[in-house]
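A structural walkthrough
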Amino acid sequence: MARKKIIAGNWKMNMTPSEAVELVNTLKPLVATDEADVVFCVPAIDIIPAMEAAKGTNIEIGAENMYFEEKGAFTGEISPNMLTDAGVKYVIIGHSERREYFAETDETVNKKVLKAFEHNLTPIICCGESLTQREQGITIDWIRQQIKIAFLNVTAAQAATAVVAYEPIWAIGTGKTATTEQAQEVCKAIRECIGEIYDEATAEAIRIQYGGSVNAATAPELFSQPDIDGGLVGGAALKPDFGKIVNYK
């Protein structure tokens, strides 16, 4: 069975609640499709208004992060049950910006992944290499390590429903995009790694996105690759162009 594409927008730290509503209303007609799952991962304060604005559409609202405890003295954090109570289905975990600026590690990513599954949230698990790692030829080794630790103690049934987002750090917000061949090569390696951890069926089921300066021009070729099942889109997700990325054919 063919995997359904999943195209998610990562809004990052953009859009006030009123701007979020306006953007959802603008994009609603442009992203309407049955061909792909469409997810807007928005700042925590925008989740409820965006959810209201997206009611009755094909848009799912996701979160950009969450903590690995249900509640407690963790000032400023968002818990998985807060997300599920709000109607969230997807959560980005381990984005390179979270790792770089907020000291997230492979181990905390794994804790968050396990907690997401516990609450029936679908994690969008991010991995990616820096320019130095790419130039030193350790990309695949690095990504395999991130994947193996992220999926520690995750069952095959859970893994099959996960989303992995491969984002070369050197291509995020830089205007540089990995070539289609580079993106496909790493996404294929991720699928093979999942196959080693679990089995071929799980590897075939898991959806792997490419992210990193995806735009309307690059999307069709990227998304037609055998191991690329959609994209995690940054800047372009805040513009009407996102509609063209979603309807890439």
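In short, a report on the structure. (Residues numbered from 1 in each chain as written. Predicted model: local features only at pLDDT ≥ 70, side-chain atom pairs only at ≥ 80, totals over all residues. Heavy atoms only, no water.)

**Section: the overall build of the chain**
Operational definition: Helix and strand assignments come from DSSP, with helices taken as H or I runs of at least 4 residues and strands as E runs of at least 2, each series counted from the N terminus. When we talk radius of gyration, it's over C-alpha atoms, and the globule rule is simply 2.2 Å times the number of residues to the 0.38. Throughout, exposure labels follow a simple rule: accessible area from a 1.4 Å probe, protein chains only, divided by the maximum for the residue type, with under 20% read as buried, over 50% as exposed, and the rest as partly exposed. Here a residue-residue contact requires only that any non-hydrogen atoms of the pair lie within 4.5 Å.
Helix and strand content of the chain: 12 helices and eight strands. Relative to the compact-globule value of 18 Å for 249 residues, the chain shows a C-alpha radius of gyration of 17 Å, a close match. Expressed as lengths along the three principal axes of its C-alpha atoms, the size of the chain is roughly 45 × 45 × 35 Å. Buried residues in the chain amount to 51% of all 249 residues. Considering only residue pairs separated by 6 or more positions, the chain has 73% of its internal contacts joining residues 24 or more positions apart.

**A short note on the nonpolar core**
Test applied: Note on terminology: a nonpolar core comprises buried Ala, Val, Leu, Ile, Met, Phe, Trp, Tyr and Cys residues joined through side-chain atoms within 4.5 Å.
Counting residues in hydrophobic clusters, the biggest one holds 66 residues, and the most contacted among them are Phe-40, Phe-151 and Phe-242. Beyond its immediate stretch of four places on either side in the chain, Phe-242 contacts Ile-7, Ala-8, Gly-9, Leu-27, Val-31, Val-38, Phe-40, Val-233, Ala-236 and Ala-237. Formed by 11 residues, the second largest nonpolar core is a distinct cluster that contains Ile-6, Val-39, Cys-41 and Tyr-90.

**So, the sheet that holds strand β1 (residues 5-10)**
Two modes of strand pairing occur in sheets, parallel and antiparallel, and in both the strands are linked by backbone hydrogen bonds. Short version of the rule: Two strands pair if DSSP finds at least two bridges between them. Helix axes are fitted to C-alpha atoms over the stretch in contact, other axes to C-alpha atoms as well, and angles between N-to-C directions run from 0 to 180 degrees.
In space, the eight strands of this closed barrel follow the order β1-β2-β3-β4-β5-β6-β7-β8, with parallel pairing throughout. Neighbouring strand axes in the sheet, compared pairwise and without regard to direction, differ in orientation by 25° on average. One ladder, built from two bridges, connects strand β7 (residues 207-211) with strand β8 (residues 230-233); its direction is parallel. Bridging across to β8, Gly-211 finds its partner in Leu-232. Here helix α2 (residues 47-54) sits on the sheet and contacts β2 (36-42) and β3 (59-63); the angle it forms with β3, its principal contact strand, is near 170°.

**Section: the packing of aromatic side chains**
Defined as follows: Stacked, tilted and edge-to-face are the three classes applied to pairs of Phe, Tyr and Trp rings, where Trp contributes its six-membered ring and a pair requires centres within 6.5 Å; stacked means planes under 30 degrees apart, edge-to-face means over 60, and tilted covers the rest.
What the rule picks out here adds up to eight aromatic pairs. Ring geometry for Phe-151 and Tyr-198: centres 6.3 Å apart, planes at 75°, overall edge-to-face. With Phe-151 in the loop between α7 (139-150) and α8 (156-161) and Tyr-198 in the loop between α9 (180-197) and α10 (200-205), the pair connects residues that are 47 residues apart, well separated along the chain. Per residue, the accessibility class of Phe-151 equals that of Tyr-198, and both read buried. Look at Phe-223 and Tyr-248: their rings are 5.2 Å apart centre to centre, the planes differ by 90°, and that puts the pair in the edge-to-face class. In this pair, Phe-223 sits in helix α11 (residues 219-223) while Tyr-248 sits in the segment after α12 (241-246), placing the two residues 25 residues apart along the sequence. Each member of the pair Phe-223 and Tyr-248 is classed as buried. Feature note: the residues Trp-11, Phe-40 and Phe-242 constitute an aromatic cluster, connected by ring pairs.

**Quick look at the state of the cysteines**
To keep it simple, the criterion reads: Count a disulfide wherever a pair of cysteine sulfur atoms falls within 2.5 Å.
Scanning the entire structure with this criterion turns up zero disulfides. Of the cysteine sulfurs around Cys-193, a residue in no disulfide, the closest is that of Cys-127, at 9.5 Å. Relative accessible area serves as the criterion here: at 0%, Cys-193 is assigned to the buried category.

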